[in-house]
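Residues per chain, in single letters:
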Amino acid sequence: MDFTSMSLYWTARLPQGGKPKRTPIRLLKVLFSFSGRLSRGKYWLGLAIAFCVVVLLVKSFQFVSEPTLSLILAGTLSLLYLLIMLAVAAKRLHDLNLSGWWACGFSTASYLIEGVVQFTEQPIFIASGVTLLWFAGAIWLGSAKGTPGQNRFGPDPLSEAD
């Protein structure tokens, strides 16, 4: 089976006001590619899939009793989650004509702050503030209108057939 052609279908209204058009989504490209641009709808789809990975991560601790296997599974699912989150955030930033490296910088800074808070046993409100920044950033990326037309990262994702 060729996983690169795995598709879902997406119904989108064309910018010219035409009829809704059903176009295939290349799911693996949405989740794992760092190039190109991503529409708001596909961004939310990527976040929903990343959330499902987190649910699997939490559930894996309930069903796997072997500590080594549990650690391997948790590490693999955590990396999968991080990869999906960074890929969809980078492509949304590209749609806003911003560098995807901002997603890496923000993620690294927030993980470092979280680590320092846990290591130094600082008040929990600092960690809560970082979590609120994550949510605010995710909502902003999912609601900000992308650059119309072509930009330095590629064509407008609303006007191209995936």
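The structure under discussion appears in the preceding block.
Residues numbered from 1 in each chain as written. Predicted model: local features only at pLDDT ≥ 70, side-chain atom pairs only at ≥ 80, totals over all residues. Heavy atoms only, no water.

The number of helices and strands found in the protein is five helices and two strands. Tracing the protein from N to C terminus, the helices and strands come up as β-β-α-α-α-α-α. When each of the 162 residues of the protein is scored for burial, the buried share is 31%. When the accessible area of the protein is evaluated, it comes to approximately 10,300 Å², of which 70% is carbon and sulfur surface. (Helix = DSSP H or I, 4+ residues; strand = E, 2+ residues; numbered from the N terminus. Buried < 20%, exposed > 50% of the residue type's maximum accessible area, 1.4 Å probe, protein only. Areas by Shrake-Rupley, 256 points an atom, 1.4 Å probe, with all protein chains shown as cover.)

Our focus in this paragraph is helix α3 (residues 67-95). Residues separated by three or four positions in an α-helix point in the same direction, a consequence of the helix having 3.6 residues per turn. The end-to-end C-alpha distance of α3, which contains 29 residues, comes to 42 Å, matching closely the 42 Å that a straight helix rising 1.5 Å per residue would cover. One or two steps after α3, the chain reaches Asn-97, where phi turns positive at roughly 65°. (Expected span 1.5 Å × (residues − 1).)

Examined against the element boundaries, Ser-33 turns out to sit in the loop between α1 (27-32) and α2 (40-63). Residue classification places Ser-33 among the buried positions, given a relative accessible area of 17%. At a separation of 3.2 Å, a polar atom in the side chain of Ser-33 contacts the main-chain amide nitrogen of Ser-35. (Polar contact = N/O pair within 3.5 Å; in protein donor to acceptor, adjacent residues only side chain to side chain.)

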